[in-house]
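# Structural overview
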Amino acid sequence: MSNDAATAEAEGTTETAPAPEPIPHGIGASLPPADARAKTEGTFPYAADLWAEGLLWAAVLRSPHAHARIVSIDTTHAREMPGVRAVVTHEDVPGAPLHGRGSRADRPVFASEVVRHHGEPIAAVAADHPDTARMAAAAVIVEYEVLDPVTDPEQAFEAEPLHPDGNLIRHIPLRHGDPEAAGEVVVEGLYRIGRQDPAPIGAEAGLAVPRPDGGVELYLASTNPHGDRDAAAACYGLPPEQVKIVVTGVPGATADREDQGFQLPLGLLALKTGCPVKLTATREESFLGHVHRHPTLLRYRHHADAEGRVVKVEAQILLDAGAYADTSSDALAAAVAFACGPYVVPNAFIEGWAVRTNNPPSGHVRGEGAMQVCAAYEAQMDKVAKKLGLDPAEVRLRNVLATGDVLPTGQTVTCPAPVAELLQAVRDFPLPALPKDTPEDEWLLPGGPEGAGEPGAVRRGVGYGIGMVHMLGAEGADEVSTATVKVQDGVATVLCAAVETGQGFTTLARQIVQETLGVDEVHVAPVDTDQPPAGAGCRGRHTWVSGGAVERAAKMVRTQLLQPLAHQFGMSTELLQIADGKITSYDGVLSTTVAETLEGKELWATAQCRPHPTEPLDETGQGDAFVGMAFCAIRAVVDVDIEIGSVRVVELAVAQDVGRVLNPAQLTARIEAGVTQGVGIALTENLRTPRGLIRHPDLTGYALPTALDTPDIRIVKLVEERDVVAPFGAKAVSAVPVVASPAAVASAVRAATGRPVNRLPIRPQAAVVTGN
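Each chain has its residues counted from 1, running along the sequence as written. Local features in a predicted model are, by the rule used here, given only for residues with pLDDT of at least 70; side-chain atom pairs are given and counted only at 80 or more, and totals for whole chains, interfaces and linings are based on all residues. Side-chain calculation: all heavy atoms of the structure are included, whereas hydrogens and water are not.

### Side note on helix 8 (residues 328–337)
The α-helix winds at 3.6 residues per turn, so residues separated by three or four positions along the chain end up facing the same way. Three exposure classes are used, based on accessible area relative to the maximum for each residue type with a 1.4 Å probe and protein chains only: buried under 20%, partly exposed in between, and exposed over 50%. Labels follow the DSSP assignment, with helices taken as runs of H or I lasting at least four residues and strands as runs of E lasting at least two, numbered in each case from the N terminus. In terms of residue burial, helix 8 counts as a mostly covered element, since 9 of its 10 residues are buried. For helix 8, the set of buried residues is Ser328, Ser329, Ala331, Leu332, Ala333, Ala334, Ala335, Val336 and Ala337. Whether two residues are in contact is decided by their heavy atoms, any of which lying within 4.5 Å being enough. The inward-facing, buried residues of helix 8 contact strand 9 (168–176), strand 16 (310–320), strand 17 (347–355), helix 9 (370–388), strand 18 (458–474) and strand 26 (626–641).

Right, dumping it as structure tokens:
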């Protein structure tokens, strides 16, 4: 016994142990993820960890050329190697030879006559050891006739067709207002956005297991299991019910997580050998296989009056889709629709194209389309401000969009659009202190510790970026999700095919059920395609659509729970409330616990959530194409060494339109992650592809931002103006910081250097100021 405790006992007093911290509960609490401990301890099961009895290993042979005609494929040597169990090529695809995401299936499982991009699959091997599989894949002899690749998207219009569907994937001519309108001030710009890789934490992996009924089960880190199942079933020539996808742990996703070029050969090999087959991609294969952000060329002309108000925007937007269509049509729609940004523009004339080239395929990456145009229209706003001698923030404030305004697509903004409030919040936030010119603080200089720069060459700049994104699918996409909530023995279970990709859906589902039913213990069942579909995990879909389905199912169970009590006391269920695990009536006559009421009961309900419909953009780019929109304003502060062109992002102040905060800790983490991703886009991330060949497909050659590159991120304001058509009133939070932060960093570098800065990522030579 301690002296303090002995004294307290002698004096007849006892110390009371502090009460335990209450466990976070329900909507609005920072409920920790259920799998957090398993992930941090390394016990969480990912696809790369899976095992099965009699396992074979797969390897894929990929094209070393960006464009070539296949003269012949000889698999004889590979088949004869000891330990090799199967080799498959295009000739072994029994069903539909084409697959793809988005609205078009235009990508072959294996190239047959023509190779259209570097890394395209040619053949796949299954063997009893991974090294044997790799050697056998390398032993497949392919004779190529190498062709000149088309790598410049501007040349794609005149080049020979690279695909039976031609080189033009989509053209959107947007027409809004008076084409003769003109302003007193005109500014122009040409902008280029590079190719970024989603760079998932773990490379692709999967396991295929044949079924007794002649089907196959695929264990994958899929973000759209039902879509992947349907593509696989068509490829294998099987009905969908004979193909099952079981979702394993997803090691992070900022895009379509899984490349179907990995998935489809796995199932073919399992069906051919009758054995489980596993594939774990190297990082190089991951770079070669999955889609990237669309490189984009943008030409802009802004007309403004003498007060800085935008009169007309003219733009041309060219997206490089790479070899196949994938989601390029969707990306182009977002780029064209948001080409003017969150600003009121009475007259807009935008031409948008997505074209095929022999570059690596482009597809869905967080903020696709919207990120590229944000960098351009914000550069134009800086030019308008400079030409008129006005403050850049003030010019933006004179033009910002608000609820009730009309987009250039003709769609009225009916959701909350507090853009002015967001911009004012970051503009008025105190600026960070200037770095001290002392040796101990040299690490604050651009270039990091022992950097090459000199304090006297450092210039500070402040810039702004305002981004907007759409939520859910667009242009008539049928967004629907189904969920089931079951309660038995006081424990609730949620069944929903919404994949947890790191966005926090499983945590949100638990919070919804806790809030609605007053049940503490809530489990979310693993996802597979035996459940009804929930759609892809992108654009805030699962917070809105799947979360809405869980809420509706939970409310139906709540009614089942309360009806007997309401009937007993002669009142409606609406007069009863559930809070803190108790059921009480409005008048206090009834008071019982949820646990007592649930005792011996098994309740369940299934519900769907389907947002209001949208429509495709018409031949002039007009239409109500989007369910909802989210906005973000960011102020960037940078230090630039104008002699060597190195840039240090000092601080990013963020204000965001979130609708409603459902989980404060998760929301903060998602915003900070999006902002950091945007810093990489602005300064370091550029997947170089000379003549269509991916150079340095690894995380040494592709420079991701690290913790040392991450600036101070200040979330200065979260506007909680609920969107009445969204469940809980919440909005997607991850994509829009990715959209706004690169534009803000580029704006700040322009302010520091006076240079135009018209490319992302920003090259050092673009930040060098000569003659100083």
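### Details of the environment of Leu662
Position of Leu662 among the secondary structure elements: in the loop between strand 27 (647–657) and helix 15 (664–683). Residue class for Leu662 comes out buried when judged on its relative accessible area of 9%.

### Regarding empty space enclosed by the protein
Using protein atoms alone on a 1 Å grid, points that fit a 1.4 Å probe yet trap it form a cavity, whereas open point sets bounded by protein on both sides within 12 Å along at least five of seven lines form a pocket; residues with an atom within 4 Å of a point count as lining. Grid points are joined across faces, edges and corners, and a volume is the space filled by probe spheres set on the points. Summed over all chains, the structure comprises 4 cavities of 30 Å³ or more. Taken together, 38 residues make up the lining of the largest cavity; nearest its centre are Gly540, Arg670, Ala732, Val733 and Ser734. Elements with a contribution of two residues or more to the lining of the largest cavity: strand 18, helix 12 (505–517), helix 13 (541–568) and helix 15. Split into classes, the residues belonging to the lining of the largest cavity amount to 16 nonpolar, 15 polar and 7 charged. Residues are grouped as follows: Ala, Val, Leu, Ile, Met, Phe, Trp, Tyr, Cys and Pro are nonpolar; Asp, Glu, Lys and Arg are charged; every other residue, Gly included, is polar.

### What to know about the sheet that holds strand 20 (residues 491–496)
Paired strands are those between which DSSP finds at least two bridges. In spatial order, the strands read 21-20-19-25; together these 4 strands make up an open sheet with mixed pairing. In this open sheet, the two edge strands, each paired with only one partner strand, are strand 21 (522–524) and strand 25 (602–609). Looking at each pair of strands side by side, their axes are set apart by 15° on average, direction ignored. In this description, a line fitted to the C-alpha atoms serves as the axis of each element, helices being fitted only across the stretch in contact, and the angle between N-to-C directions of two axes falls anywhere from 0 to 180 degrees. Contacts from helix 12 reach strand 19 (481–488), strand 20 and strand 21, with the element oriented near 145° to strand 21.

### A few points about the pairing of strand 2 (residues 68–74)
With 2 bridges connecting them, strand 2 and strand 6 (residues 114–115) associate as antiparallel partners. Bridge pairing in strand 6 places Ala68 opposite Val115. Pairing of strand 2 with strand 8 (residues 141–146), which is carried by 6 bridges, proceeds in the antiparallel orientation. Bridge pairing in strand 8 places Ile73 opposite Val142.

### Here's the deal with the environment of Asp520
Relative to the helices and strands, Asp520 is located in the loop between helix 12 and strand 21. According to the relative accessible area criterion, Asp520 is exposed, its value standing at 56%. The contact partners of Asp520, leaving out residues within four places of it in the chain, are His25 and Gln514.

### Looking at the pattern of salt bridges
Any Lys or Arg side-chain nitrogen located within 4 Å of an Asp or Glu carboxyl oxygen qualifies as a salt bridge. As enumerated under the stated definition, the model contains 35 salt bridges in all. With a shortest N-O distance of 3.1 Å, Lys244 and Asp530 are connected by a salt bridge. Taken together, the positions of Lys244 in strand 13 (residues 243–247) and Asp530 in the loop between strand 21 and helix 13 put the pair 286 residues apart, joining distant regions of the chain. Overall, Lys244 belongs to the buried group, its relative accessible area being 16%. Between Glu378 and Arg396 there is a salt bridge; the shortest N-O distance is 3.2 Å. Taken together, the residues span a long stretch of sequence, with Glu378 in helix 9 and Arg396 in helix 10 (residues 392–397) at a distance of 18 residues. Of the two residues examined, Glu378 and Arg396, each falls in the buried class.

### As for the sheet that holds strand 3 (residues 84–88)
Strand order in the open sheet formed by 7 strands is 3-7-1-14-11-12-13, with mixed pairing between adjacent strands. Unpaired on one side and paired on the other, strand 3 and strand 13 mark the two borders of the sheet. Strand-to-strand twist of the sheet, defined as the mean angle between neighbouring strand axes without regard to direction, takes the value 20°. Bridging between strand 3 and strand 7 (residues 121–127) involves 4 bridges; their strand directions are antiparallel. Each residue of the ladder has a partner; that of Val87, found in strand 7, is Val125. Relative to the sheet, helix 4 (residues 130–139) contacts strand 1 (56–62), strand 3 and strand 7, its axis offset from that of strand 1 by approximately 25°.

### Details of the packing of aromatic side chains
Each Phe, Tyr or Trp ring, with Trp reduced to its six-membered ring, pairs with another whose centre is within 6.5 Å; inter-plane angles below 30 degrees give stacked pairs, above 60 give edge-to-face pairs, and intermediate values give tilted ones. Going through the model one piece at a time under the given rule, you end up with 6 aromatic pairs. Both rings, one in Phe157 and one in Trp353, keep their centres 5.9 Å apart while their planes meet at 80°; by these two values the pair is edge-to-face. Residue Phe157 is found in the loop between strand 8 and strand 9, and its partner Trp353 is found in strand 17; the two are separated by 196 residues along the sequence. Look at Phe287 and Tyr702: their rings are 5.7 Å apart centre to centre, the planes differ by 65°, and that puts the pair in the edge-to-face class. Placement of the pair is Phe287 in helix 7 (residues 283–289) and Tyr702 in the loop between helix 15 and strand 28 (712–719), with a sequence separation of 415 residues. Exposure remark for Phe287: the relative accessible area of 0% places this residue in the buried category. Look at Tyr702 and you get buried, because its relative accessible area is 1%. Cation placement over rings: the criterion is NZ of Lys or CZ of Arg within 6 Å of the ring centroid and within 35° of the ring normal. We note Arg62 situated over the ring of Phe262; from NZ or CZ to the ring centre the distance is 4.9 Å.

### What to know about the packing of helix 15 against helix 16 (residues 735–753)
At their nearest, the axes of helix 15 and helix 16 sit 7 Å apart, and the two run at 45° to each other. Taken together, helix 15 and helix 16 sit at an angle that is classed as oblique. Viewed along their axes, helix 15 and helix 16 form a crossing whose handedness is right-handed. Facing Ile671, Gly674, Val675, Gln677, Gly678, Val679, Ile681, Ala682 and Leu683 of helix 15, the residues of helix 16 in contact are Pro737, Val738, Ser741, Pro742 and Val745. Grouping the amino acids of the contact of helix 15 with helix 16 by side-chain chemistry returns 10 nonpolar, 4 polar and no charged. Should an angle lie under 35 degrees it is considered roughly parallel, over 145 roughly antiparallel, and from 65 to 115 roughly perpendicular; all remaining angles are considered oblique. For any pair of crossing helices, the crossing counts as left-handed if the nearer helix is rotated counterclockwise from the farther one by less than a right angle, and right-handed if it is rotated clockwise.

### Concerning a negative patch on the surface
Two joining distances apply to patches: 9 Å for like charges and 5 Å for nonpolar side chains (Val, Leu, Ile, Met, Phe, Trp, Tyr), and every residue must have over 30% relative accessible area and no salt bridge. Each accessible area is a Shrake-Rupley estimate made with a 1.4 Å probe; only the visible protein chains count as cover when residues are assessed. For this count, His and the chain ends are skipped, Lys and Arg are scored as positive, and Asp and Glu as negative. For charged residues, the charge sits on one atom: NZ in Lys, CZ in Arg, CG in Asp, CD in Glu. A surface patch of negative charge is lined by Glu615, Asp618, Glu619 and Asp624. Tracing the sequence through the fold places Asp618 in the loop between strand 25 and strand 26.

### Notes on the environment of Val524
On the secondary structure map, Val524 appears in strand 21. Spatially, the C-alpha atom of Val524 lies 33 Å from that of Pro705, the residues being 181 residues apart in sequence.

That's the geometry; what it means functionally is another story.
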